[in-house]
Structures are given as structure tokens and as C-alpha cells.
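Fold and geometry: a report
Below, each chain spelled out in residue letters.
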Amino acid sequence: MDEKNEIKEVLDILKIKSKLGKEFKEKKKPRLMICCNLWMIGGIERVMQQLINYFEQKYEIVLVSYVVQGKAYELPDSVEHFYLENQEDCAYSIGYRVSKLAIFLETDLYIGNANLAIEFLEIYEYLQKSNIKTIMMNHTSWIYPYKYEGFLCKEVEYRNQIIDKPNVVCFLTNIFSELAENTFNRTIVTMPNPNTYTNYNEEIDKREETIIAVARFEDSIKRLDKIFRIYKKLSTLNSSVKLCIVGNIDWNVQYEYNGKTLKKMVEELEIPMERVEYVGETTKIEQYYKRAKAMMLTSETEGFAMILTEAGNYGVPVVSYYYSGIEDVIEDGKNGFLVEDEDMFVNKLNILLNDEKIYHYMKTNTQKFAERFEKNKIMKRWEELFAILLTSKSQEEIDNRIATNNLFTRMPSDIKVYKKCIEEYQEILEGIIRRTLRCEDIMYNLNMQLSESQEEIKMLKNLTNKNLLIKKIMKKLHNGIIKNK
């Protein structure tokens, strides 16, 4: 059987599709396998695309993901993209399928990005047994999965159990790396996202009085509701300021437990909508950065918000709520402002709009700070990490070489950063307590409703139209749940 037919047979068994755009020949260079949950237009995918474009000449690169739906970043012709078919159509787990593909392709190094999905986490165990080197690249904040214990508790537990399986574990910011290192007593590498835009040197002395906000706003964690509330207050102080929102919006999302959608909330705020520009998803964001005088970031948490370095590249100061990790990019009072409440947020935006001296000071600093994350500098770190992994003979050697390499040396976080982490943990605990109490209230009410309905349930055998009674009981239960939300 020739090589192309052989790989087709393996892919059929594992339920993996590939266009097989080029002939599979004996590898001539080290082979990297990059695995993503999805391949689309998004932050993780943009970073991996930059990685692929930078290293495609030096390595043979294979990408593995679910089938692409909608827009996605283009890949070089030299990169083979393997698509995972739906799990229900296959007898084997995702971890088994991807690891078997990696072994069959004689992969030298695996980079995993979907590290809050159990089906992808098990890949590290399989590949460790096969002596294939692995990098676990964590794109979320250390704290993020603990905020959502209802649907991420199993994932966090499993991730923490297998954290010793990858050869290298990476987080995006220093504080995330320190927390992980202290928790698991293993070497952690800080690998920030690169600034994917070229240096912007054009001098613009006067920009529009426009505030920009950039995100995938269909994700409720980005808190678009806060952006609108802040803008409403700002617009009462400055009747000419505009708001530019770049990114998809879900107008039906609910941020509070009052049943109000984002659309309803915006209507009640009576925002001057003629001064609000909705751009939607775009790959040409540069033109909006060039117009803006400041940027708002209201996310509850971020892994490494690439928009911070993007905005900095174009000389746009940022006003943001504090979250762990942002201190790696924003230094309060120098290239942006870190605030604690809406009134403070409005005040700092107003300063940037009206105080030219402060604005120009910050505008200059934003570009200087963004240079630290220039693409070639970050790719140099990746290149060094690949070299260490591919030439080391043991885990001990890998850890020692990382520990003594200046590229991976980090300064300990300030005590203020740890204090902020403690505050975030406290908020998480309070949120868990509130949700637990709310669930207990709902369960208590359900039990009361069920108790009251016991006699009605006993009557089922004697009623001709049982469906009417079932509907009556379900309506009563439903009203009890809604009442107690």
C-alpha cells in the first residue's frame, strides 16, 4: 500500500478528514502538530496562524481541529489541515484519535490549545507514553475556570490531575505562571501573545473624539452592558464623543437576573444611538484604531487581551477595569488607566478626551509598551522553546534549560498584584455562595410545589385526560422556578 492510501485508511478509521492538498512524503524537517478546538476568526487562532506563518519554512506543520464553519484564517499551502468529524460518529475518543494521528505522522512536537476540554486534555497522557514532546498552551486566565464551577469543574479537576504530563506548560502572563508554578510545583513558562500588527509610525496630532471597544461581544464575559452604561454617563459630560463598537453583538444576552436583555437595557438608557457606530466582525480593524482617542475594556477577565497591544501599537490609551494579568501590559497612569468603578471609568475617559498633555504622554507610552510584545520578539521565545524540547533528552534537562534561559526569566509579581488576586478569589467564592443559595431556594420551592401536588398526582389513575393534569403540574413548577430566580 502506498503512503497516500495508507494515511487515508488510517483517517477513515479515526474519522478524521483531510483535503490532502499535497503528497505525504517522508518528513525532511521536524514535524509540529498544532491542535485547536475550533479554527475560526478568533484570538487563539490568530496567534496560532502567526506561529504557523513564522515557522512554516523551518518545520513541517500539521493543524488539527473540528471542521471549519464560517470564516477562518487562511493557512499556507505547506500546512496540512486535518478535520475531526463529530465524536458521535466515531467509536474512539478525541484524545485517542488525535494521539494516534500524531504517532502515525511521526510528530516531533505537539502544541495543545484546547485545555479546558476533557476530550483534548487526555491527549497529553497518550503522547507522554509515546515519547512525543508536548506543550500545553493555556489561553485563559488562571482564575477564569474557577468562576464557572457549574460547567468547568470537571475540566479543571482533570487539567490539574494531568498537569505533569506535558513537557512544558505555558500561561500568558507572569501572575498566571506564578500561581500555576506554586500550585503544581513544576516549571511554568510565560508566553505572551505577539502583537500581530506592524509598527505604526504615522503621526496623527488630532484624532476624532471617538472611544473604541473591541471584542467578540456575543460572549457575555466581555460585559458590553457596562460599556453602554459608561458611555451614557460620558455622553452627558461630552455631547460630541462617539462610541465605536467592533465585534459581533448578541442583543438577547442577559447580564443580570432581572430578565432584561441587552437590547432592552440599551433602550432604557436612552443612549444617543446616532453617535454609536457598529462595525461587526472585521479583519481590517486598523482603520478604527487610527481614528480612536481611547479604548474601553470592561471584561470580567481575560487571558491576554490582544486588543491592548493592538491599541498600543496605534497609540490608543486604554481605560480598563483591573483583572489579574493586565499589569503585564498596562501600567496605571503611564499607558492607560486601571479603574475600580463606573464613575472612575468615566472620569479617566474624560481626562483623555480633554487633557491634551496627559493624552499625548500616554499616547507615546502606549507604543513604547507595545514594542515589548513585537511579533519577532515573541517568536524568538517560541523558537528557543522548540529548540530546548527537541534537543533535550529528559524532563529534568528541559526544566533546567528553561530555568537558566534569560528569555524565560520573569520578575516576581508585586504584592499589590497578589492582593488583587485574593480579591478576585473572594469575588469568585461570593458568587459560588450566591448561586448555591439560589439553587437551594429553588429546590426548596420545588419541594413545596411537589408536596402540594402529591394528591393531584395520585388522581392520575382516575382521570381520563391525564395530559391536562400533567400540564397543570408542570406550569406550577415552572412558575415556582421563575418566581425564585
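All of these numbers come straight from a predicted model, not from anything done at the bench.

What follows concerns the overall build of the protein. Each helix and strand in the protein was counted, giving 18 helices and 14 strands. Looking at the protein as a whole, 50% of its 485 residues qualify as buried. Residue pairs in contact within the protein that sit at least 24 positions apart in sequence constitute 71% of those at least 6 positions apart. With an accessible surface of roughly 24,500 Å², the protein has 49% of that area assigned to carbon and sulfur atoms.

A few words on the packing of aromatic side chains. In this description, a pair of aromatic rings is defined by centroid distance and the angle of the planes. In the structure shown here, the tally under the stated rule is 17 aromatic pairs. Plain terms: the ring middles of Tyr197 and Tyr314 are 5.9 Å apart, the flat faces sit at 70° to each other, and that makes the pair edge-to-face. Note that Tyr197 is positioned in the loop between strand 8 (188-190) and strand 9 (210-214) and Tyr314 in the loop between helix 11 (306-313) and strand 13 (318-321), a separation of 117 residues in sequence. For the residue pair Tyr197 and Tyr314, the accessibility class agrees, reading buried in each case. Linked through ring pairs, Tyr54, Phe55, Tyr59, Trp382 and Phe386 together constitute an aromatic cluster. Over the ring of Phe337 we find Lys348; its NZ or CZ atom is 4.7 Å from the centre of that ring. Lying across the ring of Tyr322, Lys420 places its NZ or CZ 5.4 Å from the centre.

Below, the discussion takes up the nonpolar core. Judged by nonpolar contacts, the single largest core of 104 residues is most densely connected at Ile135, Met295, Leu308, Trp382, Leu385 and Phe386. With seven residues, helix 14 (residues 375-391) is the largest single contributor of residues to this core. Core analysis: the next-biggest nonpolar cluster, separate from the first, contains 32 residues, Met265, Val276, Phe345 and Val346 among them.

Further remarks concern the side chain of Thr134. Tracing the chain through its elements places Thr134 in strand 6 (residues 133-137). In contact with Thr134, not counting residues within four places along its chain, are Leu109, Tyr110, Tyr124, Leu127, Lys165, Pro166, Asn167 and Val168.

Moving on, we come to the environment of Gln49. Position of Gln49 relative to the elements: it lies in helix 2 (residues 43-55). Accessibility expressed as a relative area gives 14% for Gln49, which makes it buried. Considered as a pair, Gln49 and Trp39 are 10 residues apart in the sequence and their alpha carbons are 9.8 Å apart. Contact partners of Gln49, with chain neighbours within four places excluded, come to Trp39, Tyr73 and Glu74. A polar side-chain atom of Gln49 sits 3.3 Å from the main-chain carbonyl oxygen of Glu74.

Within an α-helix, residues lying three or four positions from one another point in the same direction, as the helix has 3.6 residues per turn. Within helix 3 (residues 94-104), burial applies to Ile94, Gly95, Arg97, Val98, Ser99, Leu101 and Ala102. Just downstream of helix 3 lies Glu106, where phi reads positive at about 55°.

Turning our attention to the pattern of salt bridges. One pass over the structure, following the stated rule, counts 18 salt bridges. The partner of Glu383 in a salt bridge is Lys58, with the nearest N and O atoms 3.1 Å apart. Of this pair, Glu383 sits in helix 14 while Lys58 sits in the loop between helix 2 and strand 3 (60-66), and the two are 325 residues apart along the sequence. Between Glu342 and Lys233 there is a salt bridge whose closest N-O contact spans 3.2 Å. With a gap of 109 residues between them, Glu342 in helix 12 (residues 342-354) and Lys233 in helix 8 (residues 224-237) connect regions that are remote in the sequence. On the basis of relative accessible area, Glu342 is assigned to the buried category, the value being 17%. Judged by relative accessible area, Lys233 falls into the partly exposed class, the value being 33%.

The mixed open sheet is built from eight strands, whose spatial order is 1-4-3-2-5-6-7-8. At either margin of the open sheet sits one strand with a lone partner, and together these are strand 1 (16-18) and strand 8. Recorded for the sheet is a direction-independent mean angle of 25° between the axes of neighbouring strands. Sheet analysis places strand 1 next to strand 4 (residues 80-84), joined by three bridges and oriented antiparallel. Opposite Lys17, over in strand 4, you have Tyr83 as the bridge partner. Contacting strand 2 (31-35), strand 3 and strand 5 (109-112), helix 2 crosses the sheet at an angle of about 170° to strand 2.

Taking strand neighbours across the sheet as the criterion, the six strands line up as 11-10-9-12-13-14 in an open arrangement whose pairing is parallel. At either margin of the open sheet sits one strand with a lone partner, and together these are strand 11 (276-280) and strand 14 (336-339). The average angle at which neighbouring strand axes cross in this sheet is 20°, direction not considered. As paired elements, strand 12 (residues 294-297) and strand 13 share three bridges and run parallel to each other. Bridge pairing links Met295 to Val318 in strand 13. Here helix 11 sits on the sheet and contacts strand 9, strand 12 and strand 13; the angle it forms with strand 12, its principal contact strand, is near 175°.

Glancing now at unusual backbone geometry. Non-glycine residue Asn131 carries a positive phi angle of around 60°. Of the residues examined, Asn131 reaches a relative accessible area of 68% and is grouped as exposed. With a phi angle near 55°, Glu270 is a residue other than glycine that sits in the positive phi range. Along the chain, Glu270 turns up in the loop between helix 9 (262-269) and strand 11.

Within helix 11, eight of the eight residues are buried, which leaves the element mostly enclosed by the surrounding structure. When we look at burial in helix 11, the residues that qualify are Met306, Ile307, Leu308, Thr309, Glu310, Ala311, Gly312 and Asn313. On its buried side, helix 11 packs onto helix 2, strand 9, helix 10 (286-291), strand 12, strand 13 and helix 13 (356-370). After helix 11 finishes, the residue Gly315 shows a positive phi value of roughly 70°.

Parameters at a glance
- Residues numbered from 1 in each chain as written.
- Predicted model: local features only at pLDDT ≥ 70, side-chain atom pairs only at ≥ 80, totals over all residues.
- Heavy atoms only, no water.
- Helix = DSSP H or I, 4+ residues; strand = E, 2+ residues; numbered from the N terminus.
- Buried < 20%, exposed > 50% of the residue type's maximum accessible area, 1.4 Å probe, protein only.
- Contact = heavy atoms within 4.5 Å.
- Areas by Shrake-Rupley, 256 points an atom, 1.4 Å probe, with all protein chains shown as cover.
- Phe/Tyr/Trp six-rings, centres within 6.5 Å; stacked < 30°, edge-to-face > 60°.
- Lys NZ or Arg CZ within 6 Å of the ring centre and 35° of its normal.
- Core = buried A, V, L, I, M, F, W, Y, C linked by side-chain atoms within 4.5 Å.
- Polar contact = N/O pair within 3.5 Å; in protein donor to acceptor, adjacent residues only side chain to side chain.
- Salt bridge = Lys/Arg side-chain N within 4 Å of Asp/Glu carboxyl O.
- Pairing = 2+ DSSP bridges.
- Axes fitted to C-alpha atoms, helices over the stretch in contact; angles between N-to-C directions.

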